[in-house]
Amino acid sequence: MKKYVFLTALAFSALIANSQNIQLHYDFGRNLYPDEESTRQKVTLTLEQFKSDDWGSWYYFVDVDLSRKETLGAYTEISREFNLTNKLPFAIHVEYDGGLGSRTGSYQQAALAGVAYNGNTPNFTATWSLQLLYKRFFKNYDFNTAFNSVQLTGVWGVHFLNRKMSFLGFIDFWRSQKTNDHGQLVILSEPQLWYNFTNHLSIGSEVEISNNFIYNTINDKTFFVNPTLAVKWNF
């Protein structure tokens, strides 16, 4: 995570009703962009959980960015979905996004609400979700303002080679706001590819692909591709 950057929902494609995992990512972004991302974290610890119930489902994740000397930041998103009917795959989606950074103070908080369309194949080898959300950013510092936005999110999960490989990810589109109060379209996607050695241990990579997402004061570059090398333990 970068300072003053507005993170969005990382969604989890679950094969079972209750699932929890912990991930450790080594980020190569600072190596690829030594000028623009000189302060980017190299290690991120992620804890995420999905749990379904009779009414719908809960999902949350916490990203903890680490350095050799300190914890750089902790960012969380927590969402709740309420199924509208038992026959149609539509749900009401509500969400909170926010966090703290050792160098940045608090991240600009956001509340989201809208509708989700969720689906899966009969054997859950593929799952997907499409969400259309109203997004409200809240003012937290003098240099930013509270404003209204709209977010479109797509989430996918594909499992193949007898579930030895998993291709998971999301893509978000939302309207952000520049310091001059002009709007801009932010695009963020984080596809993940995992090799599942066992039901618990996976090794793979996540690639953060973004435009107008990274806070960059060095030049006018807005598009970044930041890969990681990662290990995941499924509880």
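*Asks:* I keep staring at the overall build of the protein and nothing clicks. Help me out?
*Replies:* Within the protein, the secondary structure is distributed over one helix and 14 strands. Taken over the C-alpha trace, the protein has a radius of gyration of 18 Å; the compact-globule value for 235 residues is 18 Å, and the two agree within 12%. In the protein, 50% of the contacts between residues at least 6 apart in sequence involve partners at least 24 apart. Surface summary for the protein: the accessible area is close to 12200 Å², and the carbon and sulfur share equals 63%. Side-chain charges in the protein split into 20 positive and 21 negative, and the spacing between the mean points of these groups amounts to 2 Å.

*Asks:* Would you explain the pattern of salt bridges in this entry?
*Replies:* Throughout the structure, instances matching the rule amount to four salt bridges. For Glu-37, the salt bridge goes to Arg-40, with nearest N and O atoms at 3.3 Å. For the pair Glu-37 and Arg-40, a shared accessibility class is recorded, and that class is buried. For Arg-80, the salt bridge is made with Asp-53, and the minimal N-O distance between the two is 2.7 Å. Of this pair, Arg-80 sits in strand β4 (residues 71–83) while Asp-53 sits in the loop between β2 (43–52) and β3 (56–66); the two residues are 27 residues apart in sequence, bridging distant segments of the chain. A residue is classified by how much of its surface remains accessible, and Asp-53, at 35% relative accessible area, is partly exposed.

*Asks:* Honestly, unusual backbone geometry in this entry has me stumped. Any pointers?
*Replies:* Negative phi characterises most residues that are not glycine, and trans characterises most peptide bonds. Residues other than glycine seldom take positive phi values, yet Leu-161 does so here, at roughly 55 degrees. Looking at the element boundaries, Leu-161 is found in the loop between β9 (147–160) and β10 (165–177). Given a relative accessible area of 59%, Leu-161 falls into the exposed group.

*Asks:* I keep staring at the side chain of His-25 and nothing clicks. Help me out?
*Replies:* Looking at where His-25 falls in the secondary structure, it is placed in strand β1 (residues 18–27). Residue classification places His-25 among the buried positions, given a relative accessible area of 5%. In this structure the side chain of His-25 is engaged in a polar contact, spanning 2.7 Å, whose partner is the side chain of Gln-23. Reaching out from His-25, the side chain makes a polar contact with the side chain of Thr-228 at a distance of 2.9 Å.

*Asks:* Whenever I open this one, the confidence of the model for the protein confuses me. Can you help?
*Replies:* Any segment with low pLDDT has predicted coordinates that should not be analysed in fine detail. Averaged over all residues, the pLDDT of the protein is 89; the fraction at 70 or higher stands at 91%. Confidence drops under a pLDDT of 50 for residues 1–16, and excluding neighbours within four residues, the segment shows 77 contacts in the predicted structure.

Reading the values: the criteria
Residues numbered from 1 in each chain as written. Predicted model: local features only at pLDDT ≥ 70, side-chain atom pairs only at ≥ 80, totals over all residues. Heavy atoms only, no water. Helix = DSSP H or I, 4+ residues; strand = E, 2+ residues; numbered from the N terminus. Rg over C-alpha atoms; globule rule 2.2 N^0.38 Å. Contact = heavy atoms within 4.5 Å. Areas by Shrake-Rupley, 256 points an atom, 1.4 Å probe, with all protein chains shown as cover. Lys, Arg positive; Asp, Glu negative; His and termini not counted. Charge placed at Lys NZ, Arg CZ, Asp CG, Glu CD. Salt bridge = Lys/Arg side-chain N within 4 Å of Asp/Glu carboxyl O. Buried < 20%, exposed > 50% of the residue type's maximum accessible area, 1.4 Å probe, protein only. Polar contact = N/O pair within 3.5 Å; in protein donor to acceptor, adjacent residues only side chain to side chain. pLDDT = per-residue confidence, 0-100.

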